[in-house]
Amino acid sequence: MQRTAQDWLVLTRLTAHSALALGLVTALQFAPQALLLPLTGPAADRSDRRRLLVVTQGLMGVLALTLAALVLTGAVRLWQVYGFALLLGIVAAFDAPARGAFVSDLVPPSDLPNAVALNALSFNMGRLCGPALTGILIGSLGTGPVFLINATSFGLVLCALHVLRRVPVRGRMRPGPAVRAFTEVLSLMARRPDLIAVLWMFGLMGAVGVNLPILVSTMAIRVFQARAVSYGLIASLMAVGAVGGALLAAVRAPRLGVLSLATAMCALATMAAALAPGLGVFALALLILGFALQVFVTSANSLLQLSVEPAMRGRLLAFLIAAALGGAPIVAPLFGWVADGFGPRFALAGIAVLAATAWFIGWRAGRAGIAGRSAPLAQAGEDRRPATSVASPAWAPED
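Residues numbered from 1 in each chain as written. Predicted model: local features only at pLDDT ≥ 70, side-chain atom pairs only at ≥ 80, totals over all residues. Heavy atoms only, no water.

Focus on the packing of aromatic side chains
Centre-to-centre distance and the angle between the planes together describe a pair of aromatic rings.
Part 1 of the argument: Within this structure, the stated rule accounts for 2 aromatic pairs.
Part 2 of the argument: Judged by centre distance (5.9 Å) and plane angle (80°), the ring pair of Trp-337 and Phe-342 falls under edge-to-face.
Part 3 of the argument: Relative accessible area serves as the criterion here: at 55%, Phe-342 is assigned to the exposed category.
Part 4 of the argument: Ring centres of Phe-342 and Phe-346 lie 5.6 Å apart, and the angle between their planes is 35°; this geometry places the pair in the tilted category.
Part 5 of the argument: Three or more aromatic residues joined by ring pairs make a cluster, and in this case those are Trp-337, Phe-342 and Phe-346. (Phe/Tyr/Trp six-rings, centres within 6.5 Å; stacked < 30°, edge-to-face > 60°. Buried < 20%, exposed > 50% of the residue type's maximum accessible area, 1.4 Å probe, protein only.)

Some thoughts on the pattern of salt bridges
Part 1 of the argument: Taken as a whole and assessed by the stated rule, the structure comprises 3 salt bridges.
Part 2 of the argument: Put simply, Arg-99 and Asp-95 hold a salt bridge, and the shortest N to O gap is 2.9 Å. Residue Arg-99 and its partner Asp-95 are both found in helix H5 (residues 78-106); the two are separated by 4 residues, about one turn of the helix.
Part 3 of the argument: Its relative accessible area of 21% is what places Arg-99 among the partly exposed residues.
Part 4 of the argument: Taking the shortest distance from any N to any O, the salt bridge between Arg-222 and Asp-340 comes out at 3.0 Å. Within this pair, whereas Arg-222 is found in helix H9 (residues 193-223), its partner Asp-340 is found in helix H14 (residues 328-342), the two being separated by 118 residues in sequence.
Part 5 of the argument: The exposure class of Arg-222 is partly exposed, given its relative accessible area of 28%. (Salt bridge = Lys/Arg side-chain N within 4 Å of Asp/Glu carboxyl O. Helix = DSSP H or I, 4+ residues; strand = E, 2+ residues; numbered from the N terminus.)

These figures come from the coordinates and say nothing about function on their own.
Structure follows, in structure tokens:
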């Protein structure tokens with residue numbers, strides 16, 4: 001709801017349908033994920049993840065409440081949205097790897113792929129209902145109530161964290177310098193070409209995921225002249241497909257071949273959305289796109305967490321987040337500028353090229369036998385046991 005209302009606020013109230021301004025908001029929100037990488041990964045592995053999440057979720061609630069107050073009083077300005085996006089990005093940089101690795105603290109390794117997929121499923125149910133409800137609320141009450149609902153929702157998150165049963169912590173990272181913790185992950189990846197291939201794929205698909213909300217919003221408003229209710233329903237369509245993708249990922253073993261197939265589907269669906277002659281074809285393309293993108297994200301998350309020991313998961317997930325979102329400060333304003341100058345259809349075609357490049361990397365990795373030379377990752381989908389990665393002593397933000 002927050003993301004949908006924020007996009008609507010920037011596009012229709014604070015600017016004259018500027019995709020570039022929306023791209024700058026996205027860039028500021030995701031830049032800290034890469035810039036703070038040496039700190040966020042070790043924090044997720046070294047600290048009590050439940051306590052860290054209580055702090056980050058509490059700070060997010062304060063930020064959301066402040067923005068809601070500005071919108072409700074009519075005092076909100078574009079520069080303020082930029083500032084809140086940056087502050088939210090800083091907090092989220094610590095929250096995302098801890099939240100992703102926290103799932104592995106709650107279930108045994110044999111249940112981890114299923115738990116990750118079900119976690120993604122619950123999140124996508126929110127994505128399914130949220131944008132549609134947002135459109136109704138904006139059309140009847142305005143954007144202010146949407147931001148207020150988001151602010152109050154963090155109280156429920158904090159209650160959920162409080163009542164979760166305590167579980168034995170398996171493989172917590174030992175205290176030590178953050179620089180050493182950072183270099184341990186670099187050393188691991190230097191020995192694991194399979195991890196490098198997946199991270200490259202995730203970086204490209206991250207650029208796809210970051211830019212899609214910008215371009216889908218711009219297409220809906222500028223090309224199809226959607227009103228608030230229709231806009232909300234269009235924003236929900238990718239979540240409908242994502243629910244199916246999460247269910248499939250919950251029952252399928254994560255493999256490199258699944259990632260390659262999902263990226264190919266993303267490329268074809270994005271190109272179909274770019275060429276869509278009407279709203280019906282556009283909606284169908286978004287449905288398929290949401291399905292394929294969620295299969296990729298969930299499978300990659302499970303695959304990487306199962307391929308390393310628990311003490312490395314927070315840091316590896318931080319690298320995965322940085323790979324997915326690190327290019328946002330560049331690609332989001334760039335694609336926003338392309339959408340403003342050449343049209344959102346042209347920009348969507350560029351997104352399809354990124355997804356096709358990710359498919360090519362996965363195809364080449366399979367042809368080169370990279371997965372076969374990296375036993376822990378290749379076997380993760382079969383025995384689902386974490387493998388040892390380094391002698392001494394991980395991502396998947398759903399949002």
